[in-house]
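Descriptive analysis of the structure
Given next are the chains, with one letter for each unit.
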Amino acid sequence: MITKEQISDILQNYDINNLAIATVCSHSSLQIFHGARKEGLRTIGICLKSPPRFYDAFPKAKPDEFIVVDSYKDIPNIVDELVAKNAIVIPHGSFVEYMGTDDFGELAVPTFGNRAVLEWESDRDMERKWLESAGIHMPNEILDPKDIKGPVMVKYHGAKGGRGFFVAKNYEDFKENIDPNEKYSIQEFIVGTRYYLHFFYSPIRTEGYQLSTGTLEMHSMDRRVESNADEIFRLGSPRELESAGILPTYVVTGNVPLIARESLLPLIFSLGERVVEESLGIFGGMIGPFCLETVVTDDLEIKVFEISARIVAGTNLYPSGSPYSDYIEENLSTGQRIAQEIKLGASLGQLDKILS
Amino acid sequence: MITKEQISDILQNYDINNLAIATVCSHSSLQIFHGARKEGLRTIGICLKSPPRFYDAFPKAKPDEFIVVDSYKDIPNIVDELVAKNAIVIPHGSFVEYMGTDDFGELAVPTFGNRAVLEWESDRDMERKWLESAGIHMPNEILDPKDIKGPVMVKYHGAKGGRGFFVAKNYEDFKENIDPNEKYSIQEFIVGTRYYLHFFYSPIRTEGYQLSTGTLEMHSMDRRVESNADEIFRLGSPRELESAGILPTYVVTGNVPLIARESLLPLIFSLGERVVEESLGIFGGMIGPFCLETVVTDDLEIKVFEISARIVAGTNLYPSGSPYSDYIEENLSTGQRIAQEIKLGASLGQLDKILS
Amino acid sequence: MITKEQISDILQNYDINNLAIATVCSHSSLQIFHGARKEGLRTIGICLKSPPRFYDAFPKAKPDEFIVVDSYKDIPNIVDELVAKNAIVIPHGSFVEYMGTDDFGELAVPTFGNRAVLEWESDRDMERKWLESAGIHMPNEILDPKDIKGPVMVKYHGAKGGRGFFVAKNYEDFKENIDPNEKYSIQEFIVGTRYYLHFFYSPIRTEGYQLSTGTLEMHSMDRRVESNADEIFRLGSPRELESAGILPTYVVTGNVPLIARESLLPLIFSLGERVVEESLGIFGGMIGPFCLETVVTDDLEIKVFEISARIVAGTNLYPSGSPYSDYIEENLSTGQRIAQEIKLGASLGQLDKILS
């Protein structure tokens, strides 16, 4: 992985009064470009083959310019162009997935956030180690499938947008469905309601919800819409449908907005706080947006089943503010907050604290 | 149906600096009036018996004046009054349903949109011909009920707000539930998550997402709330409830907001584009708002099960902007966009291109 | 309960040009403080042990000052301090629940709303008497469990955030699950879709939707997110899960936004109207925000299963306006509307009409 020193060297030559943000044209790019424009930063869209036409329909979210590549594997070839344009890369889930974790880690362009998180996040065992050492309650892990006693969720490693998960009720179920060629983990299936909590950690802001260093924000929440699991109940129960060959799947197709009861906020903030504090110790800390993917049980406990260490697509619900971010600043989006953080880093001479 | 020439003649005598918009007080009228007011157009509410009191509670959406009729069948009698007031009629689903397609087609008042779409939209066979010739993927149609092999949705013809649909799992199910006096169609039941996509086609705007002529916009999305299908799972599965005499029904009671993952946008725009382009060829083209009613499968395919060729009530979620329309113009609603289109048509001398 | 005269005496000494609003730091306090700030009123947060840190993350919703108590039972001890600060208490569900109805009723601080409603709302029998005499359709009550014929919802008395409800399908079900030590009521289970309707009654406003005295507003709607009932369908039907020892529970964890079809608005307003008019007769009238908790059936009938006579947490979805309140005033929240009402009462010399 590229070192902080290498990135600092590149940054030395940046004109910090003329920064641009750059990201891959997918996932949350409309919001990222829109937010950057609101903050007066130039915007660069990295796209395949030709600029996606849909940006023409959204003039306030269209990047100022496009850089076209033939394949996401070619992004390393545009590094010089990005650097020449004073670009700061904003990673999102598709960006990292399309390029591959290794290539993304090597990309010699200043990137918002701490790339050291990739290693901890992409392996479910390390992710669990991080979160559990932070005191986060996760669904129990079942190491030996023969120990499956109640419903479990089986997940293959690596981000695949929810594809390939399945619920098994017992060992027989598991054996029938498992792909023996894939690395998997087995988690207790937590019964409750899903909340995806959108946080933002700033190592350079000094006012707000203070951590040992920097501040924590909570911008919004969403619930992912999963096809077909969210709607097959209209046809029948999973057990009834199994005989018809219809199995529940968990592919994310979009998001719905929601809020949590206010009395959960102290717990919600403490979860975000513990994850950040632990990350500071183990890999120098997450920076910017991250998401805790949780289930709230009927005991009002919050179990975290996954973490995303960058902007999540659920924030796309809120380009003009959310029921929470409006309490920070009217109409604030996470994309806009990223641009604010970059401007703040530049003005404080602390860009090296938020880029890697 | 009234001809374009007749409408042009009526328009000749309009004071285009003093236009009003008029619609029936239901469906999406609050949004339509609110949007027109934001654009400075006068507003006329057509209502039964007496002005609905609820407008008093919403002063920013209350029409400037009401025209009272005893029955929606009497709307033809107020044509002269509407014309004298330089009124342009904004049709919505209830407007057309209450008046009846034939009477609406004959109404001698300039009407936003192309009335020729009515014929194509109100008959499910013609609708399917239109959409499939546009290359849209629809749920398979089953012509002979004996060919039902998996779950199907049986729909009676004509818009009835979701009433009278039923799911059949096989031929026996079908026979038991079908009303032999109604014209019906049988569609494969697509398992996935429902998205109602709110588009807007302008034949006169020249910037944005360009079609062969005019531009395409996508304003927002919703999911309809259907009673009781959306909540009976809390009581039991459809099969379990059948014995208790409780059957799923699909009556629309409202709408929830949602968004789709950004990587679906190219496909979403191409669906809207193909439907518009095809409509240009077969009946001169849709104009203004339309909605594709879809299911997104776990293969991230989008199946279109119906089209509405005018403003849909799901847009009522967004009188002050949506997560998409905010990228076009802050706080833009579909109702407001209709008013903008009328003002643009007037200023360009092209009202005849958007009225019929 | 403290009398209106006692409150009037206290108010005599208030500096009405320097009013503050005070509430307990939970439930809907962010919205209440945020709304009051927008209206220029001072804000006081009453909290346990120490100020909750999460307010630091929401600067626009953080109260100007905190008053710390060791236990909610100690709130009576801060009465003099509140009065010295010209504070008006804004009650919410947690406020009343934490203090206890009796202590809250005695609190010698001017309180927004009519405390006489407490008695009618906290006892399910009196609540039913109120609503049914107003002509509201409620789910049928089953007095003798042996009369259970179809699915019923069994509710224990007192507000407990949805905990302890259960569905019984017959008398055997009921016997198996009932806690014999709790007072309960049995309601027919209405199949349909849930809508929580957020109203506001002002006895002093003179324009808008007029009642016999004052005006009625409808600000927004939500659907409560209930753990685990809203998501267990992903695992199996209630009957299938019963054998695995997993029972549906109805604990509110948050809220999702939604709207109702516009043609339901006349009925919705008439429900709010009848509840207010009846309350004027039986206890002098509700004041300010209240919520009707309803199910909309597939006949488009609205059954009311409960009333909350103060601000509900579902309004937290809309700190910057809702699809309805935007038609009243752009970005209007219920919290802001409360502050407006207090300012209006002060300017008209009619604070005694809205406080108790």
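Since we're looking at a predicted model, the values are computed, not measured. (Residues numbered from 1 in each chain as written. Chains lettered and ligands numbered in written order. Predicted model: local features only at pLDDT ≥ 70, side-chain atom pairs only at ≥ 80, totals over all residues. Heavy atoms only, no water.)

**Looking at the domain arrangement of chain A**
- Under the domain assignment used here, chain A contains domain 1 (1-111), domain 2 (115-137 + 190-328) and domain 3 (140-189).
- Using only C-alpha atoms to locate each centre, domain 1 of chain A and domain 3 of chain A end up separated by 36 Å. (Domains from an automatic or database assignment.)

**Thoughts on the side chain of Glu39(B)**
All names here are of chain B.
- As for its placement among the helices and strands, glutamate 39 is situated in the loop between helix H2 (29-38) and strand S2 (42-48).
- Of the polar contacts made by the side chain of glutamate 39, one reaches the side chain of glutamine 340; its length is 3.2 Å.
- Every residue in contact with glutamate 39, bar those within four places of it in the chain, is listed here: Gln336, Ala339, Gln340 and Lys343. (Helix = DSSP H or I, 4+ residues; strand = E, 2+ residues; numbered from the N terminus. Polar contact = N/O pair within 3.5 Å; in protein donor to acceptor, adjacent residues only side chain to side chain. Contact = heavy atoms within 4.5 Å.)

**Here's the deal with the sheet that holds strand S7 (residues 184-188) of chain C**
Residue and element names in this part refer to chain C.
- Strands sit in the order S6-S5-S7 across an open sheet of three strands; the sheet is antiparallel. Single-partner strands in this sheet number two, and they are strand S6 (166-168) and S7. Averaged over all pairs of adjacent strands, the angle between their axes in this sheet comes to 30 degrees, without regard to strand direction.
- As judged from the three bridges shared by strand S5 (residues 152-156) and S6, these two strands associate in the antiparallel manner. Looking at S6, one finds that methionine 153 is bridged to valine 167. (Pairing = 2+ DSSP bridges. Axes fitted to C-alpha atoms, helices over the stretch in contact; angles between N-to-C directions.)

**Digging into the interface of chain A and chain C**
- Each side of the interface is counted separately: chain A has 49 residues, and chain C has 46 residues.
- It is Glu262(A), Asp298(A) and Tyr327(A) in chain A that bury the most area against chain C; as a group they hold 22% of the surface buried on that side.
- Between the two partners, chain A and chain C, sit five salt bridges.
- Here Arg234(C) and Asp230(A) are joined by a salt bridge, their closest N and O atoms 2.5 Å apart.
- Taken together, the links from chain A to chain C amount to 21 residue pairs in polar contact (both at pLDDT 80 or more).
- Those elements that place two or more of their residues in the side of chain A that touches chain C are strand S8 (193-202), strand S9 (209-210), strand S10 (215-228), helix H9 (238-242), strand S11 (250-257), strand S12 (259-260) and helix H10 (265-283) of chain A.
- For the side of chain A that touches chain C, a count of residues per class yields 27 nonpolar, seven polar and 15 charged.
- Both S12(A) and strand S11 (residues 250-257) of chain C contribute to a ladder of two bridges, which runs antiparallel. Bridge pairing in S11(C) links Ala260(A) to Gly254(C). (Buried area = accessible area lost by both parts, 1.4 Å probe. Salt bridge = Lys/Arg side-chain N within 4 Å of Asp/Glu carboxyl O. Nonpolar A, V, L, I, M, F, W, Y, C, P; charged D, E, K, R; others polar.)

**Observations regarding the relation of the copies chain A and chain B**
- Its rotation angle being 120 degrees, the transformation that places chain A on chain B also includes 0.0 Å of axial translation and leaves an RMSD of 0.0 Å. In symmetry terms, the pair is related by a three-fold rotation axis. Taking the C-alpha atom as reference, chain A places Ser237(A) closest to the rotation axis, 3.2 Å from it.
- Of the residues that chain A buries at the interface, just 13% are likewise interface residues in chain B, meaning the two copies contact each other through different surfaces. (Least-squares fit on C-alpha atoms with pLDDT ≥ 70 in both.)

**Remarks on the sheet that holds strand S5 (residues 152-156) of chain A**
Residues and elements named next belong to chain A.
- With antiparallel pairing, three strands are arranged side by side in an open sheet as S6-S5-S7. A strand with exactly one partner marks an edge of an open sheet, and here the two such strands are strand S6 (166-168) and strand S7 (184-188). Strand-to-strand twist in this sheet, taken as the mean axis angle between neighbours without regard to direction, amounts to 30 degrees.

**A word on the packing of aromatic side chains**
- Within this structure, the stated rule accounts for 51 aromatic pairs over all chains.
- Aromatic side chains Phe174(B) and Tyr184(B) sit 5.5 Å apart centroid to centroid with 65 degrees between the ring planes, which places their arrangement in the edge-to-face category. In this pair, Phe174(B) is assigned in helix H8 (residues 171-177) and Tyr184(B) in strand S7 (residues 184-188), connecting sequence segments 10 residues apart.
- A residue is classified by how much of its surface remains accessible, and Phe174(B), at 4% relative accessible area, is buried.
- Through successive ring pairs, a cluster of aromatic residues spans Phe58(A), Tyr209(B), Phe269(B), Tyr324(B) and Tyr327(B).
- Its guanidinium or amino end placed over the ring of Phe104(A), Arg115(A) lies 5.7 Å from that ring's centre, counting from NZ or CZ. (Phe/Tyr/Trp six-rings, centres within 6.5 Å; stacked < 30°, edge-to-face > 60°. Buried < 20%, exposed > 50% of the residue type's maximum accessible area, 1.4 Å probe, protein only. Lys NZ or Arg CZ within 6 Å of the ring centre and 35° of its normal.)

**As for the interface of chain A and chain B**
- Facing 46 residues of chain A, the contacting portion of chain B comprises 49 residues.
- At the junction of chain A and chain B, the tally comes to five salt bridges.
- Here Arg223(B) makes a salt bridge to Glu231(A), at a shortest N to O gap of 3.9 Å.
- Counting the contacts that link chain A with chain B gives 21 residue pairs in polar contact (both at pLDDT 80 or more).
- Ranked by the residues each element gives to the side of chain A that touches chain B, the list is headed by S11(A), at seven residues.
- Split by residue class, the side of chain A that touches chain B holds 20 nonpolar, 17 polar and nine charged.

**Section: the packing of helix H7 (residues 124-133) of chain C against helix H10 (residues 265-283) of chain C**
All names here are of chain C.
- Axis separation between H7 and H10 bottoms out at 8 Å; the angle between their running directions is 120 degrees. Here H10 runs oblique to H7, going by the angle between their axes. Judged by the twist between their axes, the crossing of H7 over H10 is right-handed. Residues Trp130, Leu131 and Ser133 of H7 pack against Val275, Glu278, Ser279, Ile282 and Phe283 of H10.
- Classifying every residue of the contact of H7 with H10 gives five nonpolar, two polar and one charged. (Parallel < 35°, antiparallel > 145°, perpendicular 65-115°, else oblique. Left-handed = near helix turned anticlockwise from the far one by under 90°.)

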